[in-house]
Structure formats: structure tokens, C-alpha cells
Amino acid sequence: ITQLQVLGEQIGVPVYTKSDGTKPPAIARESVDWARHMMHDVVIVDTAGRLSIDEALMEELRQVHDATRPTETLLVVDSTTGQEAVNVARAFHDRVPLTGAVFSKLDGDTRGGAILSVRAATGVPVRFVGMGEGIDALETFYPDRMAERILGMGDILGIIERAEQAIDKDLAEGFEKKFQKGNYDFHDMLMTFDMMRKMGPIKNIMKMMPGLGVSLPDEAFDAVDDKSTDRIKAIILSMTGKERSNPDIINGSRRKRIAAGSGTSVEEVNNLIKSMYGMRRGMKQMNKMQSRMEKHAKKRRFF
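Reading the values: the criteria
Residues numbered from 1 in each chain as written. Predicted model: local features only at pLDDT ≥ 70, side-chain atom pairs only at ≥ 80, totals over all residues. Heavy atoms only, no water. Pairing = 2+ DSSP bridges. Helix = DSSP H or I, 4+ residues; strand = E, 2+ residues; numbered from the N terminus. Axes fitted to C-alpha atoms, helices over the stretch in contact; angles between N-to-C directions. Salt bridge = Lys/Arg side-chain N within 4 Å of Asp/Glu carboxyl O. Buried < 20%, exposed > 50% of the residue type's maximum accessible area, 1.4 Å probe, protein only. Right-handed = clockwise from strand over helix to strand, strands pointing away. Core = buried A, V, L, I, M, F, W, Y, C linked by side-chain atoms within 4.5 Å. Contact = heavy atoms within 4.5 Å. Parallel < 35°, antiparallel > 145°, perpendicular 65-115°, else oblique. Left-handed = near helix turned anticlockwise from the far one by under 90°. Nonpolar A, V, L, I, M, F, W, Y, C, P; charged D, E, K, R; others polar.

Q: Help me out: how do you make sense of the sheet that holds strand β1 (residues 74-78) in this one?
A: Where strands meet in a sheet, backbone hydrogen bonds hold them as pairs that are either parallel or antiparallel. Ordered by their spatial adjacency, four strands build an open sheet running β1-β2-β3-β4, and the pairing between neighbours is mixed. The strands lining the two open edges of the sheet, one partner per strand, are β1 and β4 (138-140). When the angles between neighbouring strand axes are averaged without regard to direction, this sheet yields 25°. As paired elements, strand β3 (residues 126-130) and β4 share three bridges and run antiparallel to each other. Looking across to β4, one finds that V129 is bridged to E139.

Q: Which parts of the structure should I look at to understand the pattern of salt bridges?
A: Close approach of charged atoms lets side chains of opposite charge pair. Per the stated rule, a full pass over the model turns up 14 salt bridges. In this structure, E72 and R127 form a salt bridge, with 3.1 Å as the shortest nitrogen-oxygen distance. With E72 in the loop between α3 (55-68) and β1 and R127 in strand β3, this pair connects stretches of sequence that are 55 residues apart. Residue E243 pairs with R257 through a salt bridge whose shortest N-O separation is 2.7 Å. Here the residue E243 occupies a position in helix α14 (residues 241-245), and R257 occupies one in helix α15 (residues 252-262), the gap between them amounting to 14 residues. Connected through shared salt-bridge partners, E55, E59, R62, D66, R69 and R95 make up one network.

Q: Is there a simple way to explain the pairing of strand β2 (residues 100-104) in this structure?
A: Along β2, five of the five residues are buried, which leaves the element largely enclosed by surrounding structure. The side-chain alternation of β2 yields two buried faces, one formed by G100, V102 and S104 and the other by A101 and F103. Assessed by its sense of winding, the connection that carries the chain from β1 through helix α4 (residues 84-95) to β2 is right-handed.

Q: How should the nonpolar core be read in this particular structure?
A: For soluble globular proteins, the rule of thumb is that nonpolar side chains tend to be buried together. Counting 22 residues, the largest nonpolar core has F103, I115 and V129 as its most contacted members. For this core, the secondary-structure elements that each account for two or more residues are α3, β1, α4, β2, α5 (113-122) and β3. Looking at this core element by element, the count peaks at four residues for α4. With sequence-adjacent residues up to four places away left out, F103 is seen in contact with V77, S79, A85, A114, I115, V118, V126, F128, V129 and G130. Core analysis: the second largest hydrophobic core is formed by 18 residues, F193, I250, I273 and M279 among them.

Q: Please explain the pairing of β1 as it appears in this structure.
A: For a regular strand, the rule is simple: side chains alternate between the two faces of the sheet. Only one face of β1 is buried: it carries L75 and V77, and the other face, with L74, V76 and D78, is open. Pairing geometry for β1 and β2, over five bridges, is parallel. For D78, the partnering residue across the bridge sits in β2 and is S104.

Q: Explain the environment of V86 here, please?
A: Turning to its location among the elements, V86 is positioned in helix α4. A relative accessible area of 8% places V86 in the buried class. Placed 33 residues apart in sequence, V86 and R119 show a C-alpha to C-alpha distance of 8.6 Å. Leaving out residues up to four positions away in the same chain, V86 has contacts with A114, S117, V118 and A121.

Q: Help me understand the packing of helix α2 (residues 24-37) against α3 in this model?
A: Two numbers describe a pair of packed helices, the interaxial angle and the distance between the axes. Contact pair α2 / α3: the axes reach a minimum separation of 8 Å and the direction vectors enclose 20°. Taken together, the axes of α2 and α3 are roughly parallel relative to one another. In this structure, α2 crosses over α3, and the sense of that crossing is right-handed. Residues P24, P25, A28, R29 and V32 of α2 form the contact with α3, whose own contacting residues are E60, Q63, V64, A67 and T68. Residues of the contact of α2 with α3, tallied by class, amount to six nonpolar, two polar and two charged.

Written as C-alpha cells, this is what we have:
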């Protein structure tokens, strides 16, 4: 209750609570009456977490549903549970008719295949995904973007949208063209890091990069913070202008020089260059797939 009250104060939303022993179904019913009296437009009834095997709590949930007759009934699922999320969603859907699902902690799951499984098993659409713990980390779910993410193609549109909020529109359009052509280099990476600081947690943005989400393990993303990105920037700044524009010329001796100049190891330099190649491949693969889809669409229109 205290957590909800604090959150309500942060976002300017009144919270109706009772701590006199009143049962949850009665509190939920009273909250709707209170909201009508206060002339509020929307009521969100937040129930305590529960397991589908807990018969008493599941019955209480059904009573809350019957007492309020909600327009929407959303199940919040922990995405880190993997395929177990399917069993949870199916069990809840059998007891309380769901109208949608919300997947939390998606910032800690590089794949998210359970989302598609829940949709297929229950027929319930996924409405939102949680990409972090902040109040601004709840995002609208886009199935096509999730499919691209699962296939390792990243989420270019998501990056562009965040970039448009953080940087100048012309600059964002320039990045979009570079992404489409796969002409990404270390100059662009430097600018990307500066944008990332304005766009939210850096590890979340990196997971959206084509090729990068599947070329690095989860542990590598978990280790990403401002200090680690500062080390990456130091490596890039130790390169010459030609090396930043064309990573192909960075041979063994150049890598040793870059490592010495940035105070890092040759292994770190190698990993960064490998990541750059992975990002470029991902961008080119996505561009080829889009071209094929466009040609296919034109043929269908012709016939």
C-alpha cells in the first residue's frame, strides 16, 4: 500500500486505500464508488501478486473481478520466467477472463520468446512491456519489433523513436539512413553513446541494435554501465580518423597501439571491433529482408 501511495504522489494519481481489515473485494468495490464521487475517469485496481496454485487467493481475485466488472483485466507476467509464463497466463485466464498481458523485466531478457507463446496459448494480446524499473519504462508492445528482436534483427524503429525525442530531427533521420544501408562506423558509435545517455539505460538501447543482441551474452549487457561505456569511448578516441571510418584496416599492431593508448587490453579492442561487425551484418541483413518484402509486395500488386 505504501509503495502505491508513493508512486501515486510521484505521478499525480490519487490512491484509495484501507487498512482496517476490510477484504480486498469490498475495498475494490468502494474504490469504484469513491472514484465516481470524485469524478475520476479511470480506476486501476492493483491486486497483490499470487500464484495460480493458491486456491484461496485465486478465489479472492475472482471476487474482486466480480465486484468491479472491469473493462480491462491485465495480467502482469515476469518475462524472466521464460516458458513458465505460458502456464501462469493460461491458469489465470481460466479463472479470470483476461483482456491483455503486460510483460515486466524485459530489459533482463534478450529474447522474449515467451511473449509469442503466451499470445498463441491464450489468444490474449500483449499490451505493454516493462523495460526497466522507472515510471517511464513502460512501453507499448509492438509484435513486429519483438519478432525482429527474437531473430536478432534489433529494433531500429524503437531506437529511432527514442533518438527523435533526445536529438535533433535531422540528425535522427541521418542515423536512420545509415542504419538502413549498414554504413555504421566508430564515428557514429561515439555519437550513439552521447545519444544513449539521453535515451535511457544504455544496456537497453544496445540490446535493440541489429546483430548486437545475439552476438553478446546477457552477462555482457548486465555489465554495461557508464564506466564501461567510458572505456569503449576511450578505445574509439585512441583510433585515428581513418580507423574509425574503416575498421577493416585495424590490424594486429594497430590494435596493440589502440589498447595502449586507451589503457585497455587488446581483448577489449577485439571485442569492440567484433561487435561493430555484428551490428553491420545485422543492419545489412535487415535491409535485404526489407527489400525482398517490398519486391514481393510489388509482384502481388502486379498480379
